[in-house]
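# A structural walkthrough
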Amino acid sequence: MLQRIARESLSGLTVAIVALPLAIAFGITATGTAEGALVGLYGAIFAGFFAALFGGTPAQVTGPTGPITVVATGTIAAHGLEAAFIAFAMAGVFQIVFGVCKLGSYIRYIPYPVVSGFMGGIALIIILGEVDQVRQSFLLVLLTIVLMLLSGRWIKAIPASLIVLVAITATLPLVGSLLEDLVVPLPFGWSLPLNGVIDYIGEIPSAIPSIAMPELSGPLVLQLLLPALGIALLGSIDSLLTSVVMDNLTGTRHRSNRELIGQGLGNIASGLVGGLASAGATVRSVVNLRSGGRTSLSAMVHSVVLLVFVVGLGVVVQYIPLAVLSGILILTGIGMFDWEAMKKAHVMPRGDALVLFSTMLITVMVDLTAAVAFGVVLSVLVHALQSRQRRASIITEDNDDATTYTVHGPLSFLSADHVFTSVRAARSDVVLSLQNVNYMDTSGAMALLHYVEHSARTGIGITLGPMPPHVEARVMTLASSEQRDKLAEIGKS
């Protein structure tokens, strides 16, 4: 027991180190001021703690994320920071309602191309939001990115963002004057001056926050209803997508409606103390898992460690250059792209590729909620044109040494979760027959590939029955080289 607690605590410490620069960067981006560092940290501390305590995904870490920050930025710009805190708490109330009404179960119906397009759009918004800082301190942003790439390749034990943050913050007073005088020569007699002013976070108070009960009025609540609903919807989608990723890595199944209730309680707590709205954070959750975290304890420890940072390190944090945070955010945005989907877009079904890029474009040009809604509706229309049947059915036959699952109909985003939830429940070896699958979209193919990876991790033997040529072609074109190797290893009956 003590060894397990120690492992969870150490994992929480590791995640807190990863989360520190991200929480600061997202907070400053959302508010547009140096005081936003504390807003971002409070979100990671309080939303992170209560979402872990009451949520339904073990080891999931909650905090400010790219999608939530984009929506929060618009809310703060339109209504002011104090009103935005009320909107964050109202969003938490909406999320609790979602969970009580069991709306979390519908996350399974979001198509894979919508998720890829949505994340790509968010990545573009984050990167484009740093253009001004790049213009002002180009060399420092570039140096941050280069050092993060190098340290990430050479040093695995410590997060690259933390290494670069500490290194540049410590050395910049010594070399800052040299950087300000540099000019990069360009062709045709042009030049790129690098003498921009280097801005810093500035002083943040080192104090434990207090709960501030907001002054509510009918007109204000009405004004904040739509922003709060948008934050709630986006935060719910963001969190549950992270939960799905955690399921794939652990072979377990999260409790989606309980997760929404936990996220709601976390955002209420964050709003009441002046913190940023938050959601399940994929990168931090995966780091927690790979560091040994398996329960909510590690995620709660992460929040406690961040609180210690706020109480004791406010004097140090004020000297962090904004350009360094900008470089961290740019690399975070680049990492959010679903590069595998982008590389496979030319071999996707045309309808799925259209959904992916349309969702990405609408995310950037309009807003996130509209993009997801449009992507889902377009996916339904594409599915209706490709297949007359709505969902696939599955027939189970238990044998002495294996369980046979025969799938009939279209294996698409409407039925992939149902099919593979049934298959994952098998405790013996599995024979999976797709001979009667008449249509497969990208979501169905990716669900199959993820299941193959899951079976390899859990030691469940799997045999793929004969597949129609068009189904086999779709799976093989969308599979990575590693996934093709696994498919070759399991063979076909």
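Residues numbered from 1 in each chain as written. Predicted model: local features only at pLDDT ≥ 70, side-chain atom pairs only at ≥ 80, totals over all residues. Heavy atoms only, no water.

### As for the overall build of the protein
The secondary structure content of the protein amounts to 20 helices and 8 strands. The C-alpha atoms of the protein give 24 Å as radius of gyration, which agrees with the globular expectation for 493 residues (23 Å, within 12%). Principal-axis analysis of the C-alpha atoms gives the protein an extent of 70 × 60 × 50 Å. Here the protein, with 493 residues, has 53% of them falling under the buried criterion. Residue pairs at least 24 apart in sequence account for 81% of intrachain contacts in the protein once pairs closer than 6 positions are excluded. Surface exposure of the protein reaches about 22,000 Å², of which carbon and sulfur atoms provide 66%. The distance from the centre of the 26 positive side-chain charges to the centre of the 29 negative ones in the protein is 8 Å. (Helix = DSSP H or I, 4+ residues; strand = E, 2+ residues; numbered from the N terminus. Rg over C-alpha atoms; globule rule 2.2 N^0.38 Å. Buried < 20%, exposed > 50% of the residue type's maximum accessible area, 1.4 Å probe, protein only. Contact = heavy atoms within 4.5 Å. Areas by Shrake-Rupley, 256 points an atom, 1.4 Å probe, with all protein chains shown as cover. Lys, Arg positive; Asp, Glu negative; His and termini not counted. Charge placed at Lys NZ, Arg CZ, Asp CG, Glu CD.)

### A few points about the packing of helix H4 (residues 81-100) against helix H10 (residues 256-273)
Where H4 meets H10, the closest approach of the two axes is 7 Å, and the angle between their N-to-C directions is 165°. Taken together, the axes of H4 and H10 lie roughly antiparallel to each other. Here H4 runs over H10; the crossing is left-handed. Here Phe85, Phe88, Ala89, Gly92, Val93, Gln95, Ile96, Phe98, Gly99 and Val100 of H4 lie close against H10, whose contacting residues are Asn257, Leu260, Ile261, Gln263, Gly264, Leu265, Asn267, Ile268 and Gly271. Across the contact of H4 with H10, the residue classes tally to 11 nonpolar, 8 polar and no charged. (Axes fitted to C-alpha atoms, helices over the stretch in contact; angles between N-to-C directions. Parallel < 35°, antiparallel > 145°, perpendicular 65-115°, else oblique. Left-handed = near helix turned anticlockwise from the far one by under 90°. Nonpolar A, V, L, I, M, F, W, Y, C, P; charged D, E, K, R; others polar.)

### A word on H10
Across its 18 residues, H10 extends 26 Å between first and last C-alpha, which sits within 8% of the 26 Å expected from 1.5 Å per residue. Of all the 18 residues making up H10, 13 are buried; the element is thus mostly covered by neighbouring parts of the structure. Glycine 274, located one to two residues past H10, shows a positive phi value of around 85°. (Expected span 1.5 Å × (residues − 1).)

### Considering the nonpolar core
Grouped together as the largest cluster of nonpolar side chains are 119 residues, with contacts concentrated most on Ile24, Ile201, Leu306, Leu325, Leu432, Leu434 and Leu448. Excluding anything up to four places from it in sequence, leucine 448 contacts Phe420, Leu432, Leu434, Met440, Leu464 and Val475. Among the nonpolar cores identified, the runner-up in size contains 7 residues, and Ala83, Met90, Leu220 and Ala228 belong to it. (Core = buried A, V, L, I, M, F, W, Y, C linked by side-chain atoms within 4.5 Å.)

### Here's the deal with the environment of glycine 56
Inspection of the secondary structure assignment puts glycine 56 in the loop between helix H2 (36-54) and strand E1 (62-63). Relative accessible area serves as the criterion here: at 9%, glycine 56 is assigned to the buried category. When the C-alpha atoms of glycine 56 and leucine 260 are compared, they prove to be 7.9 Å apart, with 204 residues separating the residues in sequence. Look past the residues within four positions of glycine 56 in its chain and what remains in contact with it is His254, Arg255, Arg258 and Glu259.

### Some remarks on the packing of helix H19 (residues 469-478) against helix H20 (residues 481-490)
Contact pair H19 / H20: the axes reach a minimum separation of 8 Å and the direction vectors enclose 135°. In this view, H19 runs oblique relative to H20, as classed from their interaxial angle. Here Val475, Met476, Thr477 and Leu478 of H19 come into contact with H20, specifically with Gln483, Arg484 and Leu487. Taken together, the residues of the contact of H19 with H20 sort by class into 4 nonpolar, 2 polar and 1 charged.

### Observations regarding helix H3 (residues 66-79)
Between its terminal C-alpha atoms H3 stretches 20 Å, which fits the 20 Å expected from 14 residues at 1.5 Å a residue. Every buried residue of H3 is listed here: Gly66, Pro67, Ile68, Thr69, Val71, Ala72, Thr75 and Ile76. Glycine 80 sits one or two positions beyond H3 and adopts a positive phi of about 90°.

### Comments concerning the side chain of aspartate 441
If you trace the backbone, aspartate 441 turns up in the loop between strand E7 (429-440) and helix H18 (442-458). Within the buried set, aspartate 441 has no salt-bridge partner at all; the shortest N-O distance to an opposite charge, 7.4 Å, is to arginine 474. A distance of 2.8 Å separates the side chain of aspartate 441 from the backbone nitrogen of glycine 444, its partner in a polar contact. Every residue in contact with aspartate 441, bar those within four places of it in the chain, is listed here: Asp352, Leu411, Ser412, Phe413 and Arg474. (Salt bridge = Lys/Arg side-chain N within 4 Å of Asp/Glu carboxyl O. Polar contact = N/O pair within 3.5 Å; in protein donor to acceptor, adjacent residues only side chain to side chain.)

### Focus: the pattern of salt bridges
Counted according to the given criterion, the structure contains 4 salt bridges. Residue glutamate 8 pairs with arginine 7 through a salt bridge whose shortest N-O separation is 3.8 Å. A salt bridge links arginine 135 to aspartate 132, with the shortest nitrogen-to-oxygen separation between them at 4.0 Å. Here arginine 135 and its partner aspartate 132 are both found in helix H6 (residues 131-136), 3 residues apart, which amounts to about one turn of the helix.

### Remarks on the sheet that holds strand E8 (residues 462-464)
Strand order in the open sheet made by the 4 strands is E5-E6-E7-E8, with mixed pairing throughout. At either end of the open sheet lies a strand with only one pairing partner, and these are strand E5 (393-398) and E8. Adjacent strand axes in the sheet meet at a mean angle of 20° when their direction is disregarded. Bridge analysis of E7 against E8 gives 3 bridges, and the strand direction is parallel. By the bridge assignment for E8, leucine 432 is matched with leucine 464. Of the strands in this sheet, E5, strand E6 (402-411) and E7 touch helix H17 (residues 416-424), which is tilted by about 175° from E6. (Pairing = 2+ DSSP bridges.)

### Side note on the pairing of E7
Direction of pairing for E6 relative to E7: parallel, over a ladder of 8 bridges. In the strand pairing of E7, histidine 408 is matched with asparagine 436. Note that the unit made of E6, H17 and E7 has a crossover that is right-handed. In this region the chain leaves E7, passes through H18 and returns to the parallel neighbour E8; the handedness of that crossover is right-handed. (Right-handed = clockwise from strand over helix to strand, strands pointing away.)

### So, the packing of aromatic side chains
Summed over the entire model, instances satisfying the criterion amount to 8 aromatic pairs. Relative to phenylalanine 88, the ring of phenylalanine 85 has its centre 6.2 Å away and its plane inclined at 70°; by these criteria the two rings are edge-to-face. Of this pair, phenylalanine 85 and phenylalanine 88 both sit in helix H4, 3 residues apart, which is roughly one turn of that helix. For phenylalanine 85, a relative accessible area of 10% translates into the label buried. With relative accessibility at 0%, the residue phenylalanine 88 sits in the buried group. Members of the aromatic cluster, each reached through a chain of ring pairs, are Phe49, Phe50 and Phe54. (Phe/Tyr/Trp six-rings, centres within 6.5 Å; stacked < 30°, edge-to-face > 60°.)

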